[in-house]
Amino acid sequence: MRIPRVHVDQPLTAGADCALPSGPARHLAQVLRLGPGAEVVLFDGSGHDFPATIAHSGRDGVEVRLGAPGPVEPAPRLEIHLALGVSKGERMDFALQKAVELGVTRITPLRTERSVVRLDGARLARRLDHWRGVIVSACEQSGRRRLPRLDDLQALPDWLPAGWPGGLILDPRAERALTALTPPETGVTLLIGPEGGLSEREINQARAQGFTGVRLGPRILRTETAPLAAIALIQGLWGDLGD
């Protein structure tokens, strides 16, 4: 039986007895129905997995005893920052989930001219919490021990001038293919629009800030497919996908 692997949003220490937060505790006790003596793996996002044994499981909470941490997750060969125009519900979730599985290190949701989803106030806070949950779940499933950074929602014109390294913008009309580029010296910042793509003005704004337009092939990809195809190709060319 596969040992459950769960993220805990608190620092973990080898040999310590640890009371789990309500979310992980509920998942282990009520969903998986694990009791005392069951083995689990916990991680706090700092780079290590901690084997643990459930010492107590009940309606009043779950306590575990932590073992020695496993090896630290190596630093990524290539830092990949995905800046993605916000798309509708499941499309955005799918793109975030698979981008995390493919190894992105940072994600910035963007408000663009063609963004259909409008978020502010309490609705924005709920959506950011939801996206963090998608990222955590993808890390739990894929074995990642470091959590990618999730930025607050930003408007594209406000985000662009920050001087992002290795800026690439997907544009099916671009002259150069991704495979024709030289390997980046630092990291890659991948900018992708929402449903309907980025407007001509936004593409020109990105180019003015040093972003290079690249195409992936002869087909126009959906907003949830484009980042995955691009990240997989980038990881295959310059990253760790072939390791």
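Residues numbered from 1 in each chain as written. Predicted model: local features only at pLDDT ≥ 70, side-chain atom pairs only at ≥ 80, totals over all residues. Heavy atoms only, no water.

As annotated in an unreviewed UniProt entry, the protein is Ribosomal RNA small subunit methyltransferase E from Marichromatium gracile. The UniProt entry for the protein carries this comment under Sequence similarities (unreviewed entry): "Belongs to the RNA methyltransferase RsmE family." Checking UniProt for the protein, the heading Function (unreviewed entry) contains the comment "Specifically methylates the N3 position of the uracil ring of uridine 1498 (m3U1498) in 16S rRNA. Acts on the fully assembled 30S ribosomal subunit." (UniProt positions renumbered as here; feature names shortened; annotations may be inferred.)

Caption draft 1: Representation of the pairing of strand S11 (residues 188-192). Of all five residues in S11, five are buried, a share of seventy percent or more. The sheet contact formed by strand S6 (residues 80-85) and S11 spans five bridges and is parallel. Looking across to S11, one finds that Ile80 is bridged to Val188. Across three bridges, strand S10 (residues 167-170) lies against S11 in parallel orientation. Among the inter-strand pairings, Ile169 is bridged to a residue of S11, identified as Leu191. (Buried < 20%, exposed > 50% of the residue type's maximum accessible area, 1.4 Å probe, protein only. Helix = DSSP H or I, 4+ residues; strand = E, 2+ residues; numbered from the N terminus. Pairing = 2+ DSSP bridges.)

Caption draft 2: A look at the UniProt feature "domain: Ribosomal RNA small subunit methyltransferase E PUA-like" (unreviewed entry) in the protein. Mapped onto this structure's residue numbering, the UniProt feature "domain: Ribosomal RNA small subunit methyltransferase E PUA-like" (unreviewed entry) falls at residues 25-66. A distance of 15 Å separates the end C-alpha atoms of residues 25-66, which is 17% helix and 50% strand.

Caption draft 3: View of the packing of helix H2 (residues 89-101) against helix H3 (residues 121-142). Two numbers describe how H2 lies on H3: the axes approach to 9 Å, and their chain directions differ by 40°. Here H2 and H3 pass one another in a crossing that is right-handed. Contact with H2, carried on its side by Met92, Asp93, Leu96, Gln97, Val100 and Glu101, involves His130, Trp131, Val134, Ile135, Ala138, Cys139 and Ser142 of H3 and no other residues of that element. Its residues placed into classes, the contact of H2 with H3 shows eight nonpolar, three polar and two charged. (Axes fitted to C-alpha atoms, helices over the stretch in contact; angles between N-to-C directions. Left-handed = near helix turned anticlockwise from the far one by under 90°. Contact = heavy atoms within 4.5 Å. Nonpolar A, V, L, I, M, F, W, Y, C, P; charged D, E, K, R; others polar.)

Caption draft 4: Structural context of the nonpolar core. Leu82, Trp131, Leu168, Leu190 and Ile234 are the most contacted members of the largest nonpolar core, which has 37 residues in total. Those residues in contact with Leu168 that lie beyond four places of it in its chain are Leu178, Leu181, Val188, Thr189, Leu190, Leu191, Phe211, Thr212, Val214 and Ile234. One finds Cys18, Ala38, Leu42 and Leu66 within the second-largest nonpolar core, a separate group that totals 18 residues. (Core = buried A, V, L, I, M, F, W, Y, C linked by side-chain atoms within 4.5 Å.)

Caption draft 5: Expanded view of the sheet that holds strand S1 (residues 5-7). With mixed pairing, the five strands of this open sheet are ordered in space as S1-S3-S4-S5-S2. At either end of the open sheet lies a strand with only one pairing partner, and these are S1 and strand S2 (17-19). Ignoring strand direction, the axes of neighbouring strands in this sheet form an average angle of 40°. Alignment of strand S4 (residues 49-58) against strand S5 (residues 61-66), held across six bridges, turns out to be antiparallel. Its bridge partner lying in S5, Ile54 is registered against Val64. Each of S1, strand S3 (39-43), S4 and S5 touches helix H1 (residues 22-31); the most contacted strand, S1, lies at about 160° to it. Sitting on the sheet, H3 touches S1 and S3, and the angle it makes with S1 is about 150°.

Caption draft 6: Just the pattern of salt bridges, in detail. By the definition in use, this model includes twelve salt bridges. Among the salt bridges present, the one from Arg65 reaches Asp17, with a minimum N-O distance of 2.6 Å. Taken as a pair, Arg65 in strand S5 and Asp17 in strand S2 lie far apart in primary sequence, 48 residues in all. For the pair Arg65 and Asp17, one class covers both residues: exposed. Its salt-bridge partner being Asp171, residue Arg207 comes within 3.5 Å of it at the nearest N-O pair. Placement of Arg207 in helix H5 (residues 200-208) and of Asp171 in the loop between S10 and S11 is noted, with a sequence separation of 36 residues between them. Salt bridges sharing partners connect three or more residues here, namely Asp171, Arg173, Glu200 and Arg207. (Salt bridge = Lys/Arg side-chain N within 4 Å of Asp/Glu carboxyl O.)

Caption draft 7: Inspection of the pairing of strand S7 (residues 106-111) at higher detail. Two strands pair when backbone bridges link them, and S6 and S7 are joined in this way by five bridges, in the parallel orientation. Within S7, the residue paired with Leu84 across the bridge is Pro109. Regarding the hand of the β-α-β motif, the stretch spanning S6, H2 and S7 is right-handed. Alignment of S7 against strand S8 (residues 149-150), held across two bridges, turns out to be parallel. Bridge assignment links Ile107 to a residue of S8, and that residue is Leu150. (Right-handed = clockwise from strand over helix to strand, strands pointing away.)

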